[in-house]
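Topology and contacts: notes
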Amino acid sequence: MIHAEIIRKEKLTPTVSTLYFHWNADVKPGQFVMVWAPGTGEIPMSLSHIGKEKAFTIKNYGPSSDMLIKLEPGQKIFFRGPYGRPFSAVNGKTLLIGGGSGMASLHPLISRNAFGLIAARTREEILFMDEFESGNVSVTTDDGTFGIRGNVLAGLKDLDVDSFDMIYACGPEVMLYNLYKHLKDKNVNAELSLERLMKCGIGVCDSCSINGFQLCRDGPTFTMDQLRYMNEFGTEKLTFSGTRVSVH
Amino acid sequence: MIHAEIIRKEKLTPTVSTLYFHWNADVKPGQFVMVWAPGTGEIPMSLSHIGKEKAFTIKNYGPSSDMLIKLEPGQKIFFRGPYGRPFSAVNGKTLLIGGGSGMASLHPLISRNAFGLIAARTREEILFMDEFESGNVSVTTDDGTFGIRGNVLAGLKDLDVDSFDMIYACGPEVMLYNLYKHLKDKNVNAELSLERLMKCGIGVCDSCSINGFQLCRDGPTFTMDQLRYMNEFGTEKLTFSGTRVSVH
Amino acid sequence: MPKGSLISDIGSMQLESPLILASGILDENGYTMRRMLEEGAAAVVTKSIGSTERAGFTPPVVVDLGDNLLNAIGLSNPGIEHFKEEISIAKGIGKPVIGSIFGATAEEFAYLASRMQSYGADAVELNLSCPHVKGFGSEVGSDPSLVEDIVSEVKAKINVPVLAKLTPNVTDIVSIAKAAEKADALVLINTVKAMHIDIYARMPTLSNAYGGLSGPAIKPIGVRAVYDVYRETEMDIIGCGGISRFEDVLEYMMAGARAVEIGTALKTYGRAIFDNIKRDTIRFLESEGIENIEEIIGAAVKK
Amino acid sequence: MPKGSLISDIGSMQLESPLILASGILDENGYTMRRMLEEGAAAVVTKSIGSTERAGFTPPVVVDLGDNLLNAIGLSNPGIEHFKEEISIAKGIGKPVIGSIFGATAEEFAYLASRMQSYGADAVELNLSCPHVKGFGSEVGSDPSLVEDIVSEVKAKINVPVLAKLTPNVTDIVSIAKAAEKADALVLINTVKAMHIDIYARMPTLSNAYGGLSGPAIKPIGVRAVYDVYRETEMDIIGCGGISRFEDVLEYMMAGARAVEIGTALKTYGRAIFDNIKRDTIRFLESEGIENIEEIIGAAVKK
Ligand SMILES: Cc1cc2nc3c(=O)[nH]c(=O)nc-3n(C[C@H](O)[C@H](O)[C@H](O)COP(=O)(O)OP(=O)(O)OC[C@H]3O[C@@H](n4cnc5c(N)ncnc54)[C@H](O)[C@@H]3O)c2cc1C
Ligand SMILES: Cc1cc2nc3c(=O)[nH]c(=O)nc-3n(C[C@H](O)[C@H](O)[C@H](O)COP(=O)(O)OP(=O)(O)OC[C@H]3O[C@@H](n4cnc5c(N)ncnc54)[C@H](O)[C@@H]3O)c2cc1C
Ligand SMILES: Cc1cc2nc3c(=O)[nH]c(=O)nc-3n(C[C@H](O)[C@H](O)[C@H](O)COP(=O)(O)O)c2cc1C
Ligand SMILES: Cc1cc2nc3c(=O)[nH]c(=O)nc-3n(C[C@H](O)[C@H](O)[C@H](O)COP(=O)(O)O)c2cc1C
Ligand code: FES
Ligand code: FES
């Protein structure tokens, strides 16, 4: 395991915090690490900051994320990586579509040329809105407490998706699948960063696979073309024990 | 093990042959390999040729060297290496002093600036005499059938050892020890390549050690200064089982 | 030299090459197994399946040791009833799928084996050797009389070949091999009992503390086990442990293996490993003038 | 932090650091042992000595596997009568010299041990674990009642500490450890049974065919053995197997070792390894705020 000291912590929303640390590694947008909460668990986590100072932006879901989010500056964090295929770099106008903590992996892509479409459950859970240039961001909330009420598709209605050189998206599989269906017959470049259970992070355990591709290795980012041949995408997945269940 | 095909074989004397092969490696004068005679044994062997074409010059002593010397072109040889500290390179006049098969390790050092002092048991066992410039070689034989009768020291009488920029020597330990005693109070640069039992070649088994230095790793070449502190040199050694015996 | 020169057989099962995907690596999901077969594996072994669903251990379940790996997945599996669909998906392409099973008693193994056969598995592999789950695996596999019972019971119930996978974590693997002699073939070896401690966290890295070591580190241990058992029995052997290059395949085969299973190397070299090793092996056979790979099986063994 | 923070003790033997040279590596010749002590080893273990001279096996006796090593030296040794001089040469510098011995019976071990003590050995290590010589070593060391006899017999004969070195090539190392409980300390582990085949020569590379695997490959196996035995017994333990960096020393110590032995890493890193590891260990203790290395012994073990 790599270990680093937490140098700073920022609470972004009631359930989301960012932990900053120094790690001398070349990490590209979309890559992730396996973060260890000793005694509790190990979970995949994108790098939300990839400069000299690195950071995770963690949402509190269960025991491991809970333990991690409670760590304070001065304490150690443990992780291994970086893993996974990064988003590909493009010049030009980009559209970043993030659902929930999916915004964490898109954060390094925020730039002057980037337009953000942020989906959140409710107003106080909106992530990184202020980091986009003014006028370059649109927000949807499930409960309508901010921006457009509804899901990402509602937010897309007002956007001319063809006008972007690349669309990057990250979020829950159902959201991404709906997005995929919305985009698949359009003339767009898009890369979707998927989320599935990951036990090993290094391509051996098969817990993250979609149609024989390992999210941890062949992904987590996939192009529209790759997704076209994946009938498990958006439909079925395996549970922690390996039982086949519906994604919904 | 590395393996190579023998491409040529030259019989140099009744007991010595050279086996040529291709091996794409950077080997320096004085370095050696461990040569495997499958089913029979494994023995240390200097590279007598270190250009693109490599070679061993083997003297028939016992079972392993016997098996190796009987190999024919087209057959495989097996070895590992290169090992050991090479002779250091110098500009200027050099004196090469070789006893018996010790000439093999000196062979790559033969040049226009090199003077050879070759010690052999008898006339027909003299090695590489013709490869020195005419007038640049002197020979001793134990039985007086060629050159000066006697051992290396007899051959040294006529030479002005101070006039050489470097003396390189290789041969049986008793010869080298006599040479060392002869040279130690003179103002000369000399490197002696020692021979001792070698089981591993890689510095673990201790069978080749002199005063805690491993011939296979710290040697086989040593400077006069290094030898000065080795009271085992020329006096005692361990047998194959590790029993301490006199070198003589 | 035609590709056919690599054909192997294990009992009644015909393999287009000796290269099989080992149990537990990329073989939980039927689609993944199918992809492994499409991309060059001659057969796949499923991850080990038990009679009821088991979550297995909480991550960390692997420690990445460079080329080597430590794992304690903990026999995570959906239970045999839920595994039918994965087998059918995997079998879509027509190549052999070998069902791996684990249990605590001979009856449990026999039940699981007949289910696997009914799902269409082309052979059944008995995991007698997982080193890190109490009550299963190597605890079972180090008891010769239990091994004998399990193999007999399973052989009595199914027709497809039965492979017994043994643990190296025993004083004398030959005696266990002999206890399993009714099997159609042995698979040697499973992982070696091991552990990694994180010195900054001051605790074992695996949540289960103990795990199994795999990868090149254990190849010399596996080769020795195959050599030993080949010399002392007449059984067919499938080599396993640390295979990542064609030389490794040949070492195992010269020690007596008819075929091999590859696991951890998938991590290091990816799915292309099967085709790469196949190509290199054919080149070796050609350059050494070997007509048929059968010739080299056991070639290094003095019987 | 003063260097003193690394001081260890094994029974009555005081060590300036926990870093000991393992048996069989650069310890046949008294002058070599002395050099190892001069260049940083806290103590050396001699190669294993028997009651009569043994040539050992014909080379190849080692296979260089990169960082790892396979060996079958074959207990080559001059016989105890000829070993007195090597011990006295080695003891010239005043640091502890541990005499390793091997035999077939309790009486033979006891005889060898008392000779070693009379030569001035500061402790005696019982090699109950060499994996590649018939009738000695691990054949002896996998029989708990023989192990118990040997240890008792030796303890009755000598006053210096007795270390029992065990083999990992057994089903249950804890039961062997318990059989050796009268020893002052256990050394865990010796090499792992293994083999290498040269595919171009089509035969095992070692003249003895079988050998013992050492180096980083076996570290996770050794750490596990130490952890297991530390958890199940109250004995002092010296860790051994694959140590080449300070992290490895700390892993072994957190698993329960009081000191460690280093062998194969000498090949890779040379004699400077002792000083290098010492320096790095002190830095670690400092940066982690650990006053005394004793604090970390067994720190990772849930008893
Ligand atoms: C590539 C990638 C990048 C990600 N990046 C981020 C990010 O930047 N920020 C972020 O907030 N989230 C991110 N996530 C999501 C994050 O990994 C999950 O939110 C996290 O795994 C859930 O943590 P937890 O606290 O519930 O973990 P835990 O409670 O430890 O459990 C982890 C998962 O494993 C299962 N599990 C564990 N042990 C058992 C057991 N014994 N039995 C049954 N099930 C078990 C649980 O079902 C659970 O889903 C990312 C996910 C992926 C795949
Ligand atoms: C650095 C170095 C370079 C050398 N270069 C050359 C060279 O270029 N040309 C050359 O001709 N010679 C060279 N030699 C010498 C060569 O290695 C010896 O001549 C060779 O080892 C003797 O071979 P053999 O056929 O007697 O071997 P073997 O008969 O196989 O025996 C080798 C040695 O091991 C011992 N031995 C092996 N097995 C046993 C056993 N079971 N019991 C007891 N003893 C055993 C023998 O005492 C013998 O000395 C070199 C030596 C060294 C150290
Ligand atoms: C992550 C992982 C999971 C494994 N799961 C199983 C399993 O379920 N059943 C089994 O018999 N062996 C299992 N094994 C052992 C492998 O099948 C194989 O025997 C071992 O890894 C040695 O081969 P390798 O070095 O090629 O990986 C597993 C190995 C790994 C690395
Ligand atoms: C060349 C060699 C010779 C060995 N000889 C002995 C021996 O005589 N007695 C013994 O107890 N162990 C012997 N061993 C085992 C080592 O002492 C040690 O237990 C083992 O190599 C694991 O440690 P390492 O990985 O640091 O080498 C030998 C090991 C090697 C590599
Ligand atoms: S997380 Fe294990 S294969 Fe991807
Ligand atoms: S030959 Fe073994 S140490 Fe030199």
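Scroll up to find the structure.
The present account deals with the structure reproduced in this document. (Residues numbered from 1 in each chain as written. Chains lettered and ligands numbered in written order. Predicted model: local features only at pLDDT ≥ 70, side-chain atom pairs only at ≥ 80, totals over all residues. Heavy atoms only, no water.)

**Remarks on the overall build of chain C**
Within chain C, the secondary structure is distributed over ten helices and 16 strands. Relative to the 2.2 N^0.38 estimate, which gives 19 Å for 303 residues, the radius of gyration of chain C is 18 Å and therefore close to what a compact globule would have. By its C-alpha atoms, chain C is 50 × 50 × 40 Å across when sized along the principal axes. As presented, chain C carries roughly 9100 Å² of accessible surface, and 46% of it is formed by carbon and sulfur atoms. Across chain C, the centroid of the 29 positively charged side chains sits 2 Å from that of the 40 negatively charged ones. (Helix = DSSP H or I, 4+ residues; strand = E, 2+ residues; numbered from the N terminus. Rg over C-alpha atoms; globule rule 2.2 N^0.38 Å. Areas by Shrake-Rupley, 256 points an atom, 1.4 Å probe, with all protein chains shown as cover. Lys, Arg positive; Asp, Glu negative; His and termini not counted. Charge placed at Lys NZ, Arg CZ, Asp CG, Glu CD.)

**A word on the packing of aromatic side chains**
Taken as a whole, this structure holds 28 aromatic pairs over all chains when the rule is applied. With centroids separated by 6.0 Å and ring planes inclined at 55°, the aromatic side chains of Phe32(B) and Tyr83(B) adopt a geometry described as tilted. Of this pair, Phe32(B) sits in strand S3 (residues 32-37) while Tyr83(B) sits in strand S7 (residues 76-83), placing them 51 residues apart in sequence. Each of the two residues, Phe32(B) as well as Tyr83(B), counts as buried. Among the aromatic residues, those joined into a cluster by ring pairs are Phe21(A), Trp23(A), Phe56(A) and Phe79(A). Taking the ring centre of Phe164(B) as reference, the NZ or CZ of Lys93(B) above it sits at 4.8 Å. Directly above the ring of Phe240(B) sits Lys199(B), whose terminal nitrogen or CZ lies 4.0 Å from the centroid. (Phe/Tyr/Trp six-rings, centres within 6.5 Å; stacked < 30°, edge-to-face > 60°. Buried < 20%, exposed > 50% of the residue type's maximum accessible area, 1.4 Å probe, protein only. Lys NZ or Arg CZ within 6 Å of the ring centre and 35° of its normal.)

**Some words on the site of ligand 4**
Residue and element names in this part refer to chain D. Contacts to ligand 4 come from 22 residues, most closely from Ser23, Ser48, Lys165, Gly242 and Thr264. In this structure, lysine 165 approaches ligand 4 through a side-chain N or O atom, which is 2.7 Å from an oxygen atom. Contacts to ligand 4 include asparagine 190, whose side-chain N or O atom sits 3.4 Å from an oxygen atom. In isolation ligand 4 has 610 Å² of accessible area, and contact with the protein removes 97% of it. Here the shell around ligand 4 is composed, by residue class, of eight nonpolar, 13 polar and one charged. (Near = heavy atom within 4 Å. Polar contact = N/O pair within 3.5 Å; in protein donor to acceptor, adjacent residues only side chain to side chain. Nonpolar A, V, L, I, M, F, W, Y, C, P; charged D, E, K, R; others polar.)

**Considerations on the site of ligand 3**
All names here are of chain C. Looking at ligand 3, there are 22 residues lining it, with Ser23, Ser48, Lys165, Gly242 and Thr264 nearest. A distance of 3.1 Å separates a nitrogen atom of ligand 3 from a polar atom in the side chain of asparagine 127. In the environment of ligand 3, an oxygen atom lies 3.4 Å from a nitrogen or oxygen atom belonging to the side chain of asparagine 190. In the shell around ligand 3, the residues fall into eight nonpolar, 13 polar and one charged.

**Quick look at the interface of chain C and chain D**
Contacts between the two partners involve 40 residues from chain C, matched on the other side by 40 residues from chain D. Across the chain C/chain D interface, buried area totals approximately 3700 Å², and carbon plus sulfur atoms make up 61% of it. Taken together, the links from chain C to chain D amount to zero salt bridges. The interface formed by chain C and chain D holds eleven residue pairs in polar contact (both at pLDDT 80 or more) in total. (Contact = heavy atoms within 4.5 Å. Buried area = accessible area lost by both parts, 1.4 Å probe. Salt bridge = Lys/Arg side-chain N within 4 Å of Asp/Glu carboxyl O.)

**Regarding the packing of helix H8 (residues 246-254) of chain C against helix H10 (residues 273-287) of chain C**
All names here are of chain C. Relative orientation of the contacting elements H8 and H10 amounts to 60°, with a least axis distance of 8 Å. Regarding H8 and H10, the two cross each other, and that crossing is right-handed. In this structure, H8 contributes Phe246, Val249, Leu250 and Met254 to the contact, and H10 contributes Ile277, Asp280, Thr281 and Phe284. Looking at side-chain class alone, the contact of H8 with H10 contains six nonpolar, one polar and one charged residues. (Axes fitted to C-alpha atoms, helices over the stretch in contact; angles between N-to-C directions. Left-handed = near helix turned anticlockwise from the far one by under 90°.)

**A closer look at the relation of the copies chain C and chain D**
Of the two same-sequence chains, chain C is brought onto chain D (RMSD 0.0 Å, axial shift 0.0 Å) by a rotation of 180°. Such a turn and shift between the copies fits a two-fold axis. (Least-squares fit on C-alpha atoms with pLDDT ≥ 70 in both.)

**Side note on helix H2 (residues 84-91) of chain C**
Within the sequence span of H2(C), burial applies to Glu86(C), Ile87(C), Ile89(C) and Ala90(C). Across the axial projection of H2(C), the buried residues extend over an arc of 165°, all falling on one side. Contacts made by the buried residues of H2(C) are with strand S17 (236-238) and strand S18 (244-246) of chain A together with helix H1 (30-38), strand S7 (97-101) and helix H3 (106-119) of chain C. (Arc of directions from axis to C-beta.)

**Points about the interface of chain C and chain A**
Listed as interface residues are 42 residues of chain C and, on the opposing side, 37 residues of chain A. Taking both sides of the interface into account, the surface hidden between chain C and chain A amounts to around 3100 Å²; carbon and sulfur atoms contribute 56%. The tally of links from chain C across to chain A stands at two salt bridges. Between Asp218(A) and Arg271(C) there is a salt bridge, and its shortest N-O distance comes to 3.0 Å. Viewed at the interface, chain A and chain C are joined by 21 residue pairs in polar contact (both at pLDDT 80 or more). When contributions to the side of chain C that touches chain A are tallied by element, the ones reaching two or more residues are H1, strand S5 (62-65), H2, strand S13 (203-204) and helix H9 (265-269) of chain C. Taken together, the residues of the side of chain C that touches chain A break down into 19 nonpolar, twelve polar and eleven charged.

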